[in-house]
Amino acid sequence: MVTLRDSILPPNVLFREFESGRMPREEFHSAMSFHAEELIDEMEEQRRNPLEAFVESIRNRRFAHSLARKHGEAAVREIFTALADVAGFPPARLLWNAGHRHVPLYCFLRLGCEPLFRVRSLEVKKREARIEVEYQFDGARRPSRELFSLKRGWHGNLYVEDRVIFPRK
């Protein structure tokens, strides 16, 4: 059964579809309202539990800082941006604007509360990268894990070459 959440595209795809004329304005607004409601729900949850939200924020900031220190912020953002274009990848809803440098890197990580998005391992080389992520979206009972192999194309941008979805335990 396909739910409404399964059919909602991430904002970066919605913008492309709307700007190219393939999506009418009403459909664009309807789809974007879903994302707005999701953000408002998250803000309300943080307001209900400010201490938990603060601890989560500190945890996310520390992890983002360690990723940036180890691999470089630009490389991490480039990888997140490439993942945001993967069809059927729920964390794309978080990662869609990872290329915007004015949005802090820690905003894309959710280490302790749902929607969960963790980087389990990351290996960055000049022409390729490998990233293993764990995520839990839309009330799933268990987190999902995926391994992505990314390559640098002739145009200079990273793209996902291979995607391995691990079975849930």
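Below you will find a few notes about this structure. Along each chain, residues carry numbers from 1 onward, in the same order as the chain's sequence is written. Restriction of local features to residues with pLDDT of at least 70 applies here, the model being predicted, together with a cutoff of 80 or more for giving and counting side-chain atom pairs; totals for whole chains, interfaces and linings are based on all residues. Side-chain numbers here rest on the full set of heavy atoms in the structure, without hydrogens or water.

Thoughts on the packing of helix α2 (residues 11-19) against helix α3 (residues 25-48)
For any two helices packed against each other, one specifies the inter-axial angle together with the distance between the axes. Geometry is summarised by axes, namely lines fitted to C-alpha atoms with helices restricted to the contacting stretch, and by angles between N-to-C directions that run from 0 to 180 degrees. Here a helix means four or more residues in a row that DSSP labels H or I, a strand means two or more in a row labelled E, and each is numbered from the N terminus. At their nearest, the axes of α2 and α3 sit 10 Å apart, and the two run at 170° to each other. Between α2 and α3, the crossing angle belongs to the class labelled roughly antiparallel. Packed against α2, whose contacting residues are P11, L14, F15 and F18, the element α3 presents R25, F28, A31, M32 and H35 at the interface. Residues are grouped as follows: nonpolar covers Ala, Val, Leu, Ile, Met, Phe, Trp, Tyr, Cys and Pro; charged covers Asp, Glu, Lys and Arg; every other residue, Gly included, is treated as polar. The residue inventory of the contact of α2 with α3, partitioned by class, reads seven nonpolar, one polar and one charged. Here the angle decides the label: under 35 degrees means roughly parallel, over 145 means roughly antiparallel, 65 to 115 means roughly perpendicular, and every other value means oblique. Residue contacts follow a heavy-atom distance rule, with two residues in contact if any of their heavy atoms lie within 4.5 Å.

Looking at the sheet that holds strand β1 (residues 116-124)
Here four strands make up an open sheet; going across it, the order is β1-β2-β3-β4 and the pairing antiparallel. Pairing within the sheet leaves two strands with one partner each, and these edge strands are β1 and β4 (158-166). Taking the axes of each pair of neighbouring strands and ignoring which way they run, one obtains an average angle of 20° across the sheet. Should DSSP find at least two bridges between two strands, the strands are taken to pair. Here strand β3 (residues 144-152) runs beside β4; their pairing, made up of eight bridges, is antiparallel. Bridge pairing in β4 links E146 to I165. Against the sheet, helix α5 (residues 73-84) touches β1, β2 (128-136), β3 and β4, its axis set at about 120° to β1.

Some points on a nonpolar patch on the surface
To count toward a patch, a residue needs a relative accessible area over 30% and no salt bridge; like charges are then connected within 9 Å, while nonpolar side chains (Val, Leu, Ile, Met, Phe, Trp, Tyr) are connected within 5 Å. Per-residue and other accessible areas follow the Shrake-Rupley method at a 1.4 Å probe size, with only the shown protein chains counted as cover for residues. When a carboxyl oxygen of Asp or Glu lies within 4 Å of a side-chain nitrogen of Lys or Arg, that pair is called a salt bridge. Together, L51, F54, V55 and I58 line one region of the surface with nonpolar side chains, adding up to about 390 Å² of accessible area. With respect to the secondary-structure elements, V55 resides in helix α4 (residues 50-71). Buried means the residue's accessible area, taken with a 1.4 Å probe over protein chains only, is under 20% of the maximum for its type, while exposed means over 50%, and partly exposed covers the values in between. Overall, the relative accessible area of 38% leaves V55 in the partly exposed class.

Side note on the packing of α4 against α5
Packing of α4 against α5 leaves a shortest axis separation of 6 Å and a crossing angle of 110°. On the basis of their axis angle, the class for α4 and α5 is roughly perpendicular. Along its contact with α4, which presents L67, A68 and H71, the element α5 presents E73, A75 and V76.

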